[in-house]
Amino acid sequence: RAGGGHFDVDRALQAVGAVVTATWPPVAIVGVGNMGGGMARRLLAQGVEVHVCDIDADKTQALQALGAHVAAIPAQLGGVAHFLIVCVVTAAQVQEVLWGDQGLAAQLQAGDTVMLCPTIAPDDTEAVAARLAAQGVATLDAPMSGGPERAALGTMSLMVAGADAVFERHQA
């Protein structure tokens, strides 16, 4: 949120309750290693339609076996979900995922939201957010804490910063 906030993924899913599959929109995740994979498994277990992309085919195949839809490149995720999670490690990887040769940004639509989960420099986050905002795409900065086990259990913590309206739109 504007002043920073704490967003509990599991609390948001619990708020939706038993109707999560009828109301939670599809989610796309680029980077399904330890943390992103844990989030994907948790969302799938809650009945959410999840689309995934990763440079490691073993990671995406394991999630496909659980019901995830697999994209070979980030650009293929544009339009299939309007909430996209970038769960990579570095600012350079964020740039590649979004604006590389097979990047996602060109496929994003006004009104989409990109949640950035790596812990990167504030200047890098602000530059990404400004570039996406020029397309009408919102950004949530959401570095993660809790490790892969807590990600899979839905008890990890995200330290979220972004516009209050965007944060509230995605709480439940």
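Predicted model only: the values in this text are computed from it and were never measured. Every chain is numbered on its own, with residues counted from 1 as its sequence reads. At least 70 in pLDDT is required for a residue's local features to be given in this predicted model, at least 80 for side-chain atom pairs to be given and counted, and no such filter applies to totals for whole chains, interfaces and linings, which use all residues. Where side-chain values are given, they derive from all heavy atoms of the structure, hydrogens and water being excluded.

We now examine the pairing of strand 7 (residues 138-141). Every second residue of strand 7 is oriented toward a common face, with Ala-138 and Leu-140 on one face and Thr-139 and Asp-141 on the other, all of them buried. The pairing of strand 6 (residues 113-116) with strand 7 spans four bridges and is parallel. Its bridge partner being in strand 7, Thr-113 is matched across the sheet by Ala-138. A right-handed crossover is one whose linking path, passing over the helix from the first strand to the second, runs clockwise when the strands point away from the viewer. Counting from the N terminus, the helices are DSSP H or I runs at least four residues long and the strands are E runs at least two residues long. In this fold, the crossover linking strand 6 to strand 7 by way of helix 6 (residues 122-133) has right-handed handedness. Partly exposed describes any residue whose relative accessible area lies between the buried limit of under 20% and the exposed limit of over 50%, with all areas from a 1.4 Å probe on protein chains only and scaled to the type maximum. Here, any two strands with at least 2 DSSP bridges between them count as paired.

Strands sit in the order 4-3-2-5-6-7 across an open sheet of six strands; the sheet is parallel. Each edge of the sheet is formed by a strand with only one pairing partner; in this case those strands are strand 4 (69-70) and strand 7. Note on contacts: a residue pair qualifies if any of its non-hydrogen atoms lie within 4.5 Å across the two residues. To get an axis, a line is fitted to the C-alpha atoms, and for a helix only the part in contact is used. The angle between two axes follows their N-to-C directions and goes from 0 to 180 degrees. Here helix 3 (residues 34-45) sits on the sheet in contact with strand 2 (27-30), strand 3 (50-53) and strand 5 (83-86), set at roughly 160° to strand 2.

Helix length check: helix 6, at twelve residues, gives a terminal C-alpha distance of 16 Å against a target of 16 Å (1.5 Å per residue), a fit within 8%. Contacts from the buried residues of helix 6 go to helix 5 (91-99), strand 6 and strand 7. Expected span of a helix: the number of residues minus one, times 1.5 Å.

Okay, the environment of Gln-107 next. Here Gln-107 lies in the loop between helix 5 and strand 6. For Gln-107 and Ala-75, which are 32 residues apart along the polypeptide, the C-alpha to C-alpha distance reads 6.2 Å. With near-sequence residues (within four places) excluded, Gln-107 lies in contact with Ala-75, Gly-78 and Gly-79.

This paragraph deals with the packing of helix 5 against helix 6. Running from N to C, helix 5 and helix 6 point in directions that differ by 10°, and their axes come no closer than 10 Å. Here helix 6 runs roughly parallel to helix 5, going by the angle between their axes. Within the contact between the two elements, helix 5 uses Ala-91, Val-94, Gln-95, Leu-98 and Trp-99 and helix 6 uses Asp-124, Val-128, Arg-131 and Leu-132. Split by residue class, the contact of helix 5 with helix 6 holds six nonpolar, one polar and two charged. Put simply, angles under 35 degrees are roughly parallel, angles over 145 are roughly antiparallel, angles from 65 to 115 are roughly perpendicular, and the rest are oblique. Note on residue categories: nonpolar means Ala, Val, Leu, Ile, Met, Phe, Trp, Tyr, Cys or Pro, charged means Asp, Glu, Lys or Arg, and polar means any other residue, Gly included.

In this section: the packing of aromatic side chains. Here a pair means two rings of Phe, Tyr or Trp (six-membered ring of Trp) with centres within 6.5 Å. Their orientation is stacked below 30 degrees between planes, edge-to-face above 60, and tilted elsewhere. Under the definition given, this model contains zero aromatic pairs. Here, a charge over a ring is recorded when the distance from Lys NZ or Arg CZ to the ring centre is within 6 Å and its angle to the ring normal is within 35 degrees. Over the aromatic face of Trp-99 sits the side chain of Arg-131, whose NZ or CZ is 4.0 Å from the ring centroid.

As a further point, take the nonpolar core. By size, the foremost hydrophobic cluster in this structure holds 28 residues, and its most contacted members are Val-27, Ile-29, Met-39, Val-50, Ile-85 and Met-115. At five residues, the largest contribution of residues to this core is made by helix 3. Core analysis: the second largest hydrophobic core is formed by 22 residues, Ala-28, Leu-98, Leu-108 and Val-128 among them. To qualify as a nonpolar core, a set must consist of buried Ala, Val, Leu, Ile, Met, Phe, Trp, Tyr and Cys residues joined through side-chain atoms within 4.5 Å.

Once that is clear, we can look at helix 5. Among all positions in helix 5, only Ala-91, Val-94, Val-97 and Leu-98 are buried. Mapping the buried residues of helix 5 onto a view down its axis gives an arc of 120°, with all of them on the same face. In helix 5, the exposed positions that point more than 90 degrees away from the buried face belong to Ala-92 and Glu-96. Close packing links the buried residues of helix 5 with strand 2, strand 5, strand 6 and helix 6. What the arc measures is the spread of directions leading from the helix axis to the C-beta atoms.

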